[in-house]
Amino acid sequence: MRIVVCLVLALKIARGEERMSAFRQSLKVVVLPFRAAWFVALSANFIIVSAVGLFFASFVAYGVTLVFSYAFLPTEWTQALWQWAADLYAHSSWFKAATITFFALVFLPILRFWPGRDPVADATREREMTRLNEDLIAARQQEELRAKLRV
């Protein structure tokens, strides 16, 4: 039996399998701490991104709730909800910043179109800018051509 085991080991060594196995094992030992550190970094990133996402989602839900309450709920419920929000706004700087950010993000798309811009005037101004730019390029090319002809 020992002779068979020795022959098998001798064949593996001759083929390079035994050394490859030792190399793979040593590589696993070296790579394992890096994989563990990468897993910890990914886990921490997931936790942080999830917390930030939940934070923003809660303020979106808060804003939607306030708008919904103002539009559809009875007056007493709406006043109670807005009073709670006003108290929280007065006590928490985080809540104040998030509320300002939320309403700014809600109203920025509206303010983009208000006051309304005249699309005809914008198109005319754009055509004029393009024409002036093309004239400038043509003048520059003519100047370069004249400079080449002088030399």
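This structure is a prediction, so every number in the text was calculated from the model and none was measured.

S.K.: Whenever I open this one, the layout of surface pockets confuses me. Can you help?
M.R.: By rolling a water-sized probe across the atoms, one finds the places where empty space is left. As a volume, the largest pocket reaches approximately 150 Å³. Lining the largest pocket we find Phe55, Phe56, Phe59, Val60, Trp94, Ala97, Ala98, Thr101, Phe102 and Leu105. The set of elements that each furnish at least two residues to the lining of the largest pocket consists of helix 2 (17–72) and helix 4 (93–112). Tallying contributions element by element places helix 4 first for the lining of the largest pocket, with six residues. When its residues are assigned to classes, the lining of the largest pocket shows nine nonpolar, one polar and no charged.

S.K.: I'm lost on the pattern of salt bridges in this one. Help?
M.R.: Pairing between side chains of opposite charge can happen when the charged atoms of each approach one another. In total, this model carries four salt bridges according to the counting rule given. Close ionic contact of Asp135 with Arg131 constitutes a salt bridge, the shortest N to O distance being 2.9 Å. A residue pair is termed a helical-turn pair when its members lie 3 or 4 positions apart in one helix, as Asp135 and Arg131 do in helix 5 (residues 119–150) at four residues. Two residues, Arg146 and Glu143, come together in a salt bridge whose shortest N-O distance is 3.8 Å. Of the two residues, Arg146 and Glu143 both sit in helix 5, three residues apart, roughly one turn of that helix. Classification of Glu143 by relative accessible area gives partly exposed; the value is 42%. When salt bridges that share partners are traced, they join Glu128, Arg131 and Asp135 into one network.

About the cut-offs
- Residues numbered from 1 in each chain as written.
- Predicted model: local features only at pLDDT ≥ 70, side-chain atom pairs only at ≥ 80, totals over all residues.
- Heavy atoms only, no water.
- 1 Å grid on protein atoms, 1.4 Å probe; cavity = no way out; pocket = protein on both sides within 12 Å on 5 of 7 lines; lining within 4 Å.
- Points joined across faces, edges and corners; volume = space filled by probe spheres on them.
- Helix = DSSP H or I, 4+ residues; strand = E, 2+ residues; numbered from the N terminus.
- Nonpolar A, V, L, I, M, F, W, Y, C, P; charged D, E, K, R; others polar.
- Salt bridge = Lys/Arg side-chain N within 4 Å of Asp/Glu carboxyl O.
- Buried < 20%, exposed > 50% of the residue type's maximum accessible area, 1.4 Å probe, protein only.

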